[in-house]
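What the coordinates show
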Amino acid sequence: MKFRLSLSMLSLMSVLAVSSCSEDDAELAVNDSAVITVENIIESKSLVESGTFQNAGSSPVLNPGESASFSFYAGKGQAISFVAMYGNSNDLFFAPANPGIKLYQDNGNPVTGDVSSQMKLWDNGTRVNEATGPTVTHPGVAETIVKNIAEIALAVPASQLLKAELTHEGGTKFTLKLTNTSGGTANETPISAGVWAISHISGTTLSKEDPIFSPGKLSANGLTDLAETGKTTAMTQYLTGITGPNSPFSPVLVVVYSGNDNPIFKTGENDRGQGLKELSQQGNADVLAAFLKTKSGVKEVFVLKDPATTILQPRINGNNGGKASQTISARKGDRIALATMYGQSNDWFVAATNNGVDGSTRGDISSIMGIFDSGTLESSFPGAHIGSQPAQVENQPVQQLANPNPFNTLPSVQQMIKVTIQ
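The structure reproduced in this document is the subject of the present report. Owing to the predicted nature of the structure, the values given are computational and were not obtained by experimental measurement. (Residues numbered from 1 in each chain as written. Predicted model: local features only at pLDDT ≥ 70, side-chain atom pairs only at ≥ 80, totals over all residues. Heavy atoms only, no water.)

With respect to the element layout, aspartate 225 can be found in helix α2 (residues 223-229). Other than its neighbours up to four places away in sequence, aspartate 225 contacts Gly230, Lys231 and Ala234. (Helix = DSSP H or I, 4+ residues; strand = E, 2+ residues; numbered from the N terminus. Contact = heavy atoms within 4.5 Å.)

Here the focus is the pattern of salt bridges. Following the criterion strictly, the structure yields nine salt bridges and no others. Note that glutamate 165 is salt-bridged to lysine 163, the shortest N-O span being 3.7 Å. Accessibility expressed as a relative area gives 26% for glutamate 165, which makes it partly exposed. Its salt-bridge partner being arginine 272, residue glutamate 269 comes within 2.4 Å of it at the nearest N-O pair. Classification of glutamate 269 by relative accessible area gives partly exposed; the value is 29%. In this structure arginine 272 comes out as partly exposed when scored by relative accessible area, which is 33%. (Salt bridge = Lys/Arg side-chain N within 4 Å of Asp/Glu carboxyl O. Buried < 20%, exposed > 50% of the residue type's maximum accessible area, 1.4 Å probe, protein only.)

Our focus in this paragraph is the nonpolar core. Counting 36 residues, the largest nonpolar core has Phe72, Ile80, Phe82, Phe94, Leu166 and Leu176 as the members making the most contacts within it. For this core, the elements supplying multiple residues, two or more each, are β2 (47-53), β3 (67-73), β4 (79-86), β5 (92-96), β8 (119-123), β10 (162-170), β11 (173-180) and β12 (191-199). With residues up to four places along the chain from it excluded, the contact list for phenylalanine 82 reads Phe53, Phe94, Ala95, Pro96, Ile101, Met119, Leu162, Leu176, Leu178, Val195, Trp196 and Ile212. The next biggest cluster of nonpolar side chains, apart from the first, holds 32 residues, and it includes Ile42, Val256, Ala324 and Met416. (Core = buried A, V, L, I, M, F, W, Y, C linked by side-chain atoms within 4.5 Å.)

A separate point is the pairing of strand β24 (residues 417-421). Among the five residues in β24, four count as buried, and that is most of the element. Judged from the five bridges that link them, strand β1 (residues 33-40) and β24 form a sheet pairing that is antiparallel. The partner of valine 38 across the bridge, within β24, is valine 419. Pairing of strand β21 (residues 363-364) with β24 involves two bridges; the strand directions are antiparallel. In the sheet register, aspartate 364 faces β24, and the bridge partner there is threonine 420. (Pairing = 2+ DSSP bridges.)

Two orientations exist for strands paired in a sheet by backbone hydrogen bonds: parallel and antiparallel. Read from one edge of the open sheet, four strands run β3-β11-β10-β7, paired in antiparallel fashion. At either margin of the open sheet sits one strand with a lone partner, and together these are β3 and β7 (113-114). As judged from the two bridges shared by β7 and β10, these two strands associate in the antiparallel manner. Looking at the pairing, aspartate 114 lines up with glutamate 165 of β10.

All right, on to unusual backbone geometry then. Omega for the peptide link from asparagine 98 to proline 99 comes to 5°, which places this bond in the cis form. The topology assignment puts proline 99 in the loop between β5 and β6 (101-102). Positive phi outside glycine occurs at asparagine 221, with the angle close to 60°. Relative to the assigned elements, asparagine 221 resides in the loop between β14 (205-206) and α2. Look at asparagine 317: it is not a glycine, yet its phi comes out positive at around 55°. Considering the arrangement of structural elements, one finds asparagine 317 in the loop between β16 (298-304) and β17 (323-329).

A few words on the sheet that holds β1. Read from one edge to the other, the open sheet built from four strands follows the order β17-β1-β24-β21, with strand pairing classed as antiparallel. This sheet does not close on itself; its edge strands, each paired only once, are β17 and β21.

Below, the discussion takes up the packing of aromatic side chains. The relative placement of two aromatic rings is captured by the distance of their centres and the angle of their planes. The final tally for this structure, using the stated rule, is 18 aromatic pairs. Here the aromatic rings of phenylalanine 70 and tryptophan 196 are separated by 5.1 Å at their centres, their planes lie at 10°, and the arrangement is stacked. Separated by 126 residues along the polypeptide, phenylalanine 70 in strand β3 and tryptophan 196 in strand β12 bring together distant segments of the chain. Here phenylalanine 70 matches tryptophan 196 in class, with each residue buried. Pairing phenylalanine 93 with phenylalanine 213 gives two aromatic rings, centres 5.3 Å apart and planes at 80°, and the pair type is edge-to-face. In this pair, phenylalanine 93 is assigned in strand β5 and phenylalanine 213 in the loop between β14 and α2, connecting sequence segments 120 residues apart. (Phe/Tyr/Trp six-rings, centres within 6.5 Å; stacked < 30°, edge-to-face > 60°.)

Spelled out as structure tokens, the structure:
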């Protein structure tokens, strides 16, 4: 009887032991499995750059014979738009027609030299023009009206009152010099300080064809203050609010591996010729993914794509940005690394810094992400490279860029990309 009882107890203990092992194994299997999600959280903006210009002297106003210059970056298809008040008027302003002065010829060569022929004069439509004409300094406060912006012609063409000269500084950098040439004409006038803007472009489509003003529509966004008083503050605030990044991220390379060396790249080391160049220049992660699958210590390799658009688009008009997810198998002791091209660049990529994260890590890991230069092409201003001449080839080591970046135009990496493991 005692023997039978002992045998039963042993059987029960055996069952409990097996059950316990099964539960442990199941828990371990669940913990090994995780979903990594990468999301583009860039709040897309319409303008690549914007700014102001004024006389460098004691007064911001350009009197006859005086000049102001400003530099900017632009790729093929982009244009420079600007506005400045015709001083001896109630509400007239100088500006090229939208979308602005063309910066590249059809063959891709930059436009240089005198582009004054594109200058025009516009009526803001908010004040009655003086009967004696815009050459007379304001005698008082003109009557307020509400009319659409329209081009206006004076005795002397706008191209003879404000001279515009373009200089190409190399790469995608330009300088525009504006000179008041109205002296001695029937329409001699001071010209106010002004504002300028460069629109983002996707393919051949500009994000904003009318970045500063819209002919045939009412004045808006601070233009009236500039056209009536020459003050740029209100317009500058508006333009600043719509200036910033508008970049997609390429399909994302994700690697689960063992060891202490990130298999994707190493800072201070030149491109290995394994596919990082294709990822950072073209957004093509497939070449590097194929190589990594043959590398010792690499356990899993994935290329994550947005189900709808393949690339990860930025947020537009408050909508969510592009997102890609993948189930991976990673446990404590494994490492997880990832990389994706920053689309509006020549060869920048966003990647996990150092050696990635431990395979048991769960939660938001965006804090470990950094932006890197692969060192294979000359860097360009973010958003001002697309469609322009091919960038100069470089052979420099991979380096992590300062946060935000060398051109001081991007927000922190953590404001552009979100990475979670759950």
